[in-house]
Amino acid sequence: MKTAVLISGRGSNLEALIAAAAEEDFPAEIVLVISNKADAKGLEHAKSAGIATAVLNHKEFEDRESFDAAMSEAIEAAGAEFICMAGFMRLLSDGFVKKWRDRLINIHPSLLPAFKGLHVHERTLEAGVRFTGCTVHFVRPAMDEGPIIVQAVVAVLTDDTSDSLAARILEQEHHIFPQALRLIAEGKVRVSAERVLIEGIKAPDQSLINPT
Ligand code: GRF
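Residues numbered from 1 in each chain as written. Predicted model: local features only at pLDDT ≥ 70, side-chain atom pairs only at ≥ 80, totals over all residues. Heavy atoms only, no water.

### Things to note about the pairing of strand β3 (residues 52-55)
Turning to step 1, where the next piece is worked out: Pairing between strand β2 (residues 29-35) and β3: four bridges, direction parallel. Of the residues in β3, the one forming a bridge with isoleucine 34 is alanine 54.
Turning to step 2, where the next piece is worked out: Crossover β2 to β3 through helix α2 (residues 42-48) is right-handed. (Pairing = 2+ DSSP bridges. Helix = DSSP H or I, 4+ residues; strand = E, 2+ residues; numbered from the N terminus. Right-handed = clockwise from strand over helix to strand, strands pointing away.)

### Considerations on the site of the ligand
Turning to step 1, where the next piece is worked out: With respect to spatial proximity, the complete set of residues near the ligand consists of Arg10, Gly11, Ser12, Asn13, Gly87, Ile107, His108, Pro109 and Glu173.
Turning to step 2, where the next piece is worked out: Interatomic distance of 2.6 Å between a side-chain N/O atom of arginine 10 and an oxygen atom of the ligand.
Turning to step 3, where the next piece is worked out: Between the ligand and serine 12, the relevant distance is 2.5 Å, taken from an oxygen atom to a side-chain nitrogen or oxygen of the residue.
Turning to step 4, where the next piece is worked out: With the chains in place, 85% of the 370 Å² that the ligand exposes on its own is no longer accessible.
Turning to step 5, where the next piece is worked out: Among the secondary structure elements, those contributing two or more residues to the shell around the ligand are α1 (12-21) and β5 (104-108).
Turning to step 6, where the next piece is worked out: In terms of residue class, the shell around the ligand is built from two nonpolar, five polar and two charged.
Turning to step 7, where the next piece is worked out: Shared between two domains, the shell around the ligand holds at least three residues of each, these being domain 1 (1-100) and domain 2 (106-212). (Near = heavy atom within 4 Å. Polar contact = N/O pair within 3.5 Å; in protein donor to acceptor, adjacent residues only side chain to side chain. Areas by Shrake-Rupley, 256 points an atom, 1.4 Å probe, with all protein chains shown as cover. Nonpolar A, V, L, I, M, F, W, Y, C, P; charged D, E, K, R; others polar. Domains from an automatic or database assignment.)

### Quick notes on the environment of glycine 95
Turning to step 1, where the next piece is worked out: Looking at the element boundaries, glycine 95 is found in helix α4 (residues 94-99).
Turning to step 2, where the next piece is worked out: Residue class for glycine 95 comes out partly exposed when judged on its relative accessible area of 47%.
Turning to step 3, where the next piece is worked out: With 25 residues separating them along the chain, glycine 95 and valine 120 place their C-alpha atoms 27 Å apart. (Buried < 20%, exposed > 50% of the residue type's maximum accessible area, 1.4 Å probe, protein only.)

### With respect to the pairing of strand β1 (residues 2-7)
Turning to step 1, where the next piece is worked out: Burial of β1 is extensive: five of the six residues sit out of reach of the surface.
Turning to step 2, where the next piece is worked out: The parallel pair β1 and β2 is bridged by α1, and the resulting crossover is right-handed.
Turning to step 3, where the next piece is worked out: The sheet contact formed by β1 and strand β4 (residues 82-85) spans four bridges and is parallel. The partner of leucine 6 across the bridge, within β4, is methionine 85.

### A closer look at the packing of α1 against helix α6 (residues 162-185)
Helices that pack against each other are described as a pair by the angle of their axes relative to one another and the distance between those axes.
Turning to step 1, where the next piece is worked out: Orientation of α1 relative to α6, taken along the N-to-C sense of each, is 45 degrees, at an axis distance of 9 Å. Of the possible angle classes, the one that applies to α1 and α6 is oblique. Our pair here, α1 against α6, has a crossing hand that is right-handed. For the pair α1 and α6, the contacting residues are Ser12, Asn13, Ala16, Leu17 and Ala20 in the first and Leu170, Glu173, His174, Phe177, Pro178 and Leu181 in the second. (Axes fitted to C-alpha atoms, helices over the stretch in contact; angles between N-to-C directions. Parallel < 35°, antiparallel > 145°, perpendicular 65-115°, else oblique. Left-handed = near helix turned anticlockwise from the far one by under 90°. Contact = heavy atoms within 4.5 Å.)

### Describing the nonpolar core
Turning to step 1, where the next piece is worked out: Grouped together as the largest cluster of nonpolar side chains are 39 residues, with contacts concentrated most on Val5, Val33, Ile105 and Ile149.
Turning to step 2, where the next piece is worked out: By residue number, the principal contributor to this core is α6, which donates eight residues.
Turning to step 3, where the next piece is worked out: Split by domain, the residues of this core number at least three in each of domain 1 (1-100) and domain 2 (106-212).
Turning to step 4, where the next piece is worked out: Beyond its immediate stretch of four places on either side in the chain, isoleucine 105 contacts Phe82, Ile83, Cys84, Met85, Val136, His137, Phe138, Val139, Ile149, Phe177 and Ile184.
Turning to step 5, where the next piece is worked out: Among the nonpolar cores identified, the runner-up in size contains 21 residues, and Ile34, Ile83, Met85 and Val139 belong to it. (Core = buried A, V, L, I, M, F, W, Y, C linked by side-chain atoms within 4.5 Å.)

### Here we look at the domain arrangement of the protein
Turning to step 1, where the next piece is worked out: When cut into domains, the protein gives domain 1 (1-100) and domain 2 (106-212).
Turning to step 2, where the next piece is worked out: Distance from the C-alpha centre of domain 1 to the C-alpha centre of domain 2: 20 Å.
Turning to step 3, where the next piece is worked out: On the side of domain 2, 17 residues touch domain 1, which itself brings 22 residues to the contact.
Turning to step 4, where the next piece is worked out: Between domain 1 and domain 2, the buried area comes to about 1,700 Å², and carbon and sulfur atoms account for 74% of it.
Turning to step 5, where the next piece is worked out: Where aspartate 25 meets arginine 182, a salt bridge forms, and the shortest distance between an N and an O atom there is 3.3 Å.
Turning to step 6, where the next piece is worked out: Of all the elements, α1 adds the most residues to the side of domain 1 that touches domain 2, at five residues.
Turning to step 7, where the next piece is worked out: Residues belonging to the side of domain 1 that touches domain 2 are distributed by class as follows: 15 nonpolar, three polar and four charged. (Buried area = accessible area lost by both parts, 1.4 Å probe. Salt bridge = Lys/Arg side-chain N within 4 Å of Asp/Glu carboxyl O.)

Shown next, in the form of structure tokens:
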């Protein structure tokens, strides 16, 4: 399954996807990485893996719709049929989300639907929750909403800072993003009444629960 990845910055999730895709039996191939920032570090990861890159600066477009249309054009020109948002910090137009419905996934560093939006780790600590985690989900027009594909659970420690918590969650993000992409590319994922059904899976993978 030819896949495009959208990034805005560091690109550690992109790196995890590139590493997974390099495995012999991985059913998806990353054919294009698009960044809306020319200085995104993730672009370097893509280039050193020999993956085509494109920079589309959103500030050079008249509106969100024309920026998104340019992204769609680049994605289709690269032959991609699926999109992963890996730390892409732009809201998408309804038209783009509709066009790529169920072919567009995002990763978010919380157990959605809790803690949507920005400053997730700070808000997680402020709320005093004992467990948090990360979520890979299909994208819908509302931010950080959509059918959940995979989640991993991470315990919040009493001495956590937002940085220490973010680092432990990020480690799990790097597991579940390739896992979700694999399941989809294998044709095992179906959306029914806005819930995800995964062929052959009755319970979540227990190794994705990380109590300490
Ligand atoms: C990750 O925490 C991801 O969940 C969020 O943005 C961050 C991106 O990190 N959407 P990276 O660029 O993949 O390192």
